[in-house]
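If you want the building blocks of each chain, they are given just below.
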Amino acid sequence: MNFEGLDPGLAEYAPAMHSALDPVLDAHLNPSLLQNVELDPEGVALEALPVQESVHIMEGVYSELHSVVAEVGVPVSVSHFDLHEEMLWVGSHGGHATSFFGPALERYSSFQVNGSDDIRQIQSLENGILFLTKNNLKYMARGGLIIFDYLLDESEDMHSLLLTDNSTLLVGGLQNHILEIDLNTVQETQKYAVETPGVTIMRQTNRFFFCGHTSGKVSLRDLRSFKVEHEFDAFSGSLSDFDVHGNLLAACGFSSRLTGLACDRFLKVYDLRMMRAITPLQVHVDPAFLRFIPTYTSRLAIISQSGQCQFCEPTGLANPADIFHVNPVGPLLMTFDVSASKQALAFGDSEGCVHLWTDSPEPSFNPYSRETEFALPCLVDSLPPLDWSQDLLPLSLIPVPLTTDTLLSDWPAANSAPAPRRAPPVDAEILRTMKKVGFIGYAPNPRTRLRNQIPYRLKESDSEFDSFSQVTESPIGREEELHLHMVSKKYRKVTIKYSKLGLEDFDFKHYNKTLFAGLEPHIPNAYCNCMIQVLYFLEPVRCLIQNHLCQKEFCLACELGFLFHMLDLSRGDPCQGSNFLRAFRTIPEASALGLILADSDEASGKGNLARLIQRWNRFILTQLHQDMQELEVPQAYRGAGGSFCSSGDSVIGQLFSCEMENCSLCRCGSETVRASSTLLFTLSYPEGSNSDKTGKNCDFAQVLKRSICLEQNTQAWCDNCEKYQPTIQTRNIRHLPDILVINCEVNSLKEADFWRMQAEVAFKMAIKKHGGEISKNKEFALADWKELGSPEGVVMCSSIEELKNVWLPFSIRMKMTKNKGLDVCNWTDGDEIQWGPARAEEEHGVFVYDLMATVVHILDSRTGGSLVAHIKVGETYHQRKEGVTHQQWYLFNDFLIEPIDKHEAVQFDMNWKVPAILYYVKRNLNSKYNLNIKNPIEASVLLAEASLARKQRKTHTTFIPLMLNEMPQVGDLVGLDAEFVTLNEEEAELRSDGTKSTIKPSQMSVARITCVRGQGPNEGIPFIDDYISTQEQVVDYLTQYSGIKPGDLDAKISSKHLTTLKSTYLKLRFLIDIGVKFVGHGLQKDFRVINLMVPKDQVLDTVYLFHMPRKRMISLRFLAWYFLDLKIQGETHDSIEDARTALQLYRKYLELSKNGTEPESFHKVLKGLYEKGRKMDWKVPEPEGQTSPKNAAVFSSVLAL
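- For the protein chain, the name recorded in an unreviewed UniProt entry is PAN2-PAN3 deadenylation complex catalytic subunit PAN2, with Puma concolor as its organism.

1. Examining empty space enclosed by the protein
Here the idea is plain: a probe the size of a water molecule rolls over the atoms and shows the empty space left.
Reasoning step 1: For the structure shown, the criterion picks out nine cavities of 30 Å³ or more.
Reasoning step 2: The space that makes up the second largest cavity amounts to roughly 70 Å³.
Reasoning step 3: Looking at the second largest cavity, the residues that line it are Glu 553, Phe 554, Glu 559, Asn 579, Arg 582, Ala 583, Ser 1029, Thr 1060, Leu 1061 and Lys 1062.
Reasoning step 4: No other element matches the three residues that helix 8 (residues 578–585) contributes to the lining of the second largest cavity.
Reasoning step 5: The residue inventory of the lining of the second largest cavity, partitioned by class, reads three nonpolar, three polar and four charged.

2. A short note on a nonpolar patch on the surface
Reasoning step 1: Judged by side-chain polarity, Leu 386, Leu 395, Leu 397, Ile 398 and Val 400 come together as a nonpolar surface patch covering roughly 450 Å² of accessible area.
Reasoning step 2: By the element assignment, Val 400 lies in the loop between strand 30 (353–358) and helix 3 (428–433).

3. Looking at unusual backbone geometry
Peptide bonds are trans in most cases, and residues, glycine excluded, mostly fall at negative phi.
Reasoning step 1: The phi angle at Glu 745 is positive, at roughly 55°, despite the residue not being glycine.
Reasoning step 2: Residue placement: Glu 745 occurs in the loop between strand 38 (739–743) and helix 14 (749–769).
Reasoning step 3: Backbone geometry at Asp 894 places phi at a positive 55°, although glycine is not the residue there.
Reasoning step 4: Along the chain, Asp 894 turns up in the loop between strand 43 (888–893) and strand 44 (896–899).

4. A closer look at the UniProt feature "binding site: a divalent metal cation" (unreviewed entry) in the protein chain
Reasoning step 1: If you check UniProt for "binding site: a divalent metal cation" (unreviewed entry), the listed places come out as Asp 977, Glu 979, Asp 1086 and Asp 1138 in our numbering. In three dimensions, the annotated residues from a span of 162 residues occupy one location, with a maximal C-alpha spread of 12.9 Å.
Reasoning step 2: Tracing the sequence through the fold places Asp 977 in strand 46 (residues 973–984).
Reasoning step 3: Judged by relative accessible area, Asp 977 falls into the buried class, the value being 8%.
Reasoning step 4: Residues within four places of Asp 977 in sequence aside, it is in contact with Arg 1008, Ile 1009, Thr 1010, Asp 1086, Ser 1135, Asp 1138 and Ala 1139.
Reasoning step 5: Checked against the element boundaries, Asp 1138 lands in helix 24 (residues 1135–1152).
Reasoning step 6: On the basis of relative accessible area, Asp 1138 is assigned to the buried category, the value being 4%.
Reasoning step 7: Look past the residues within four positions of Asp 1138 in its chain and what remains in contact with it is Asp 977, Glu 979, Leu 1116, Ile 1128, Gln 1129 and His 1133.

Conventions we followed
Residues numbered from 1 in each chain as written. Predicted model: local features only at pLDDT ≥ 70, side-chain atom pairs only at ≥ 80, totals over all residues. Heavy atoms only, no water. 1 Å grid on protein atoms, 1.4 Å probe; cavity = no way out; pocket = protein on both sides within 12 Å on 5 of 7 lines; lining within 4 Å. Points joined across faces, edges and corners; volume = space filled by probe spheres on them. Helix = DSSP H or I, 4+ residues; strand = E, 2+ residues; numbered from the N terminus. Nonpolar A, V, L, I, M, F, W, Y, C, P; charged D, E, K, R; others polar. Patch = residues over 30% accessible without salt bridge, like charges linked within 9 Å, V, L, I, M, F, W, Y side chains within 5 Å. Areas by Shrake-Rupley, 256 points an atom, 1.4 Å probe, with all protein chains shown as cover. Salt bridge = Lys/Arg side-chain N within 4 Å of Asp/Glu carboxyl O. UniProt positions renumbered as here; feature names shortened; annotations may be inferred. Buried < 20%, exposed > 50% of the residue type's maximum accessible area, 1.4 Å probe, protein only. Contact = heavy atoms within 4.5 Å.

As structure tokens, then:
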């Protein structure tokens, strides 16, 4: 087709405008920018060139509008029209990027992208620009700020990129693969293998990806799988450029000749409907670039490197009259691009110049461009003058330069104190004229001050703000300011951020980098987590509790032993005490003592946590003592072993009990003596401790002795006087406990002031002891502190900060005297030189107790406060978890675990950190007890047992218990599935942007557990199918998903095999301990709700066996339909059916992967699975009749029950 016939004006205009091919320069180009730049070897300067006058631009015909210099002398490597704004981007061989605004090409921004490599491709996005260099992908804002910088492998040589959607990018180069990069996460999500290496050009239509190769081929690839659908062998030498429009693909390149590669003047054109080549198009220039410019027709623009440009139809004939010439400053054109509106063409040459050709005098680059944001002019000179004499002048009006150096106003924390500005008192005139209506007061405005303005009080004489008891009148200060600067981040209340996946993507490792297990806080009444950790890290308690097992359904000692077993198995993953807290809530004494909090009280922190945890401490020791006094051999759990201790006492009593004599002396002279015992002591502080403000020294040992050997006056019944009389009550110690437990009872300002005052006195004495005088205005540096010297035998502290807020000793020495008295004193390591080792003195009734744990109450008004524990973890725990033998103090704040310095465990800043409970342990305690753990759970738990349900008959039995010859062995397979009901609904909030945020997840309870045989003649037959009785209210039975109906869990009306949770829990614990492998679908959630910790090598989860990385999880129903041709979970779920299906799927996995030896072939199977799932929208078809299983032979032994 003749182009001249379509637009006659072009034929007339082009020769007139390009009569000569002499290099001329546009008048808009500033010649001063190009001084001393040579155009050719003769050295002609640019300013000496003739400059052509401005040419009137004819509508519809392309002609040069502007030329501009991007970077003098540096070749332009790539040009790109911005797809969102009226801008043209240019990249150079020196790695520099420049942008120009509008058709006038006003310079907008200029910055360095790479220091050594050239920019090979530019792609504009909504928020910035992507730049591709050899092995680097950089995303920068249009002003030059880096958004991300993604480094590729050094061996990569990238040449092309393609934006497939708003967040996915394909990057290709000379290697044999193409990378897929997610722009949201800035991570490589896929690597596609390329059979023909060297992908330098990529295009995309709604049907294919098009890849141009250096070998001269163009491959067409599927949009989803990236597989090659077709391939065109365009040129024998190499490919230069190609473009796609509609059903046509046009390409230009080089052909092989005898002397090498030569530019082929035949353009290859292909019809994408027939997938074949049509008649090649012969052109009259050496094509280096080509683009479709579809306006009225599908015309092509073909450009040579020498600057010749020809327009022609891809299915017509090229006319030599259609050629016009671009006047490059350099000898070669290096780049070419077309705007989205097709109104502008951009050329870049080898001397750094950019030429803009348009078809109208005022072109637009995009059909709809957004407004470009320009930098604001400097406003420093226009600032108004500031009057320093005005009190209400805001100091923020003064411009301050941005600096990283320390400012003069940045006082160290030790030299500054927070001084909140108190709200001004209400004007007396307002109070006098106020009239009350209900609880609201109304008064006229006296207009004594400006509206909404309060003057600063720079000189505040009040010192009352230094006290933590002072409550400001301002509501803001009362809620936020006082504690904002005090509570350290690691001591603040930690919360779990829930997502769509629940807890699976929450990073617990960020809070706990140790191998010890934290405890999750979202369970009701989980305020006791810190005390559970304290009991666990007492080695005798940990071992002896795990040896206990009884027949009580809700036994705290049994549940605590199960929880300790989970903490032993965990390798840093958090555990949850849901079963323990469930048993705790059923005990009437706990409710009577007010230990069970409502959800609202726990969330808002209304309860006094310090008093609560001290009452809980007394309750748990008493309850464990009673639970472990059981002597009967459990009948429900045969072979569980007898009682571990004697009939008169328990192991808790042996560890914690202190025998005492209580003497009551009446004023008539009669004396009554009674023997008793206690498991803990409560500190009793001296009377009138606040009256002496001078700071009288009172050792902790003195207060402890006074609390143990308590003497008080009280009214009591006297048998001699036969009436109530004033008596003197005294308490003497007969036997000291192995573990000394102390409740601090700091429940008022009086006790808090006493601790604060004693810490100040101890701090002054420590300074004097080390040879220095205390001074409020002097701060000691570390070097100065060491120069003070150290008395012989005294350990020097590394910092003066370690002595602040310390009154509690790390060790105390206690001695029983012959007259039933007790001597208590503080003990330091240096005292062993004087008194000898502690082991030798135990023979004389002298014992040394070391501080093992402190439980503290964190005062934080923002979160309602929390409880944390400092625990000294012993050598045996480090040996089991980390393989090292040493002792270390740790902070336990629910699932946050962090090692701390030992001084931090005894430092109590009473403003926010209040002591609640202390644990002192006798030295060498572990040597007195047998610390071997004997698993009390035996195989008899798997044998037949009676159901709790009254109406159950043998005809309703859905399982066959194991026989003695069927007992599982190590490595045996067991199919497992569990069903759940909801006890509490999920609590969530809807944000303003429409997204949902989970505040508290739903609380689930296990309702049914099924285990089926995984091998043997009875393979597939269940041996456990227990329905779990629950005493808690069920809010949703989830019948559609669980198959559980109302009444199934009620012992009065249920026809199912109903058991207790503890009974079924023991069966699963035995299977875990024996070493079986569980096969199921989604077992991670099942074990979590059951509250079991299972080693990873004992779990075979079909969710992960049939899963590809970064892809969705597949339901059991779809897997069963795809691999087994089974239709399951029709109306409701059945755990027996699900467990059997999971076993079949595992057998199918072994068959497809050849027992895991051929992962590549199995990967292809998974790809087919995902492709089928996408086509089916992951829904199983609903046929009229169910087909038979493909693999029925695998489970030929399954019997109908």
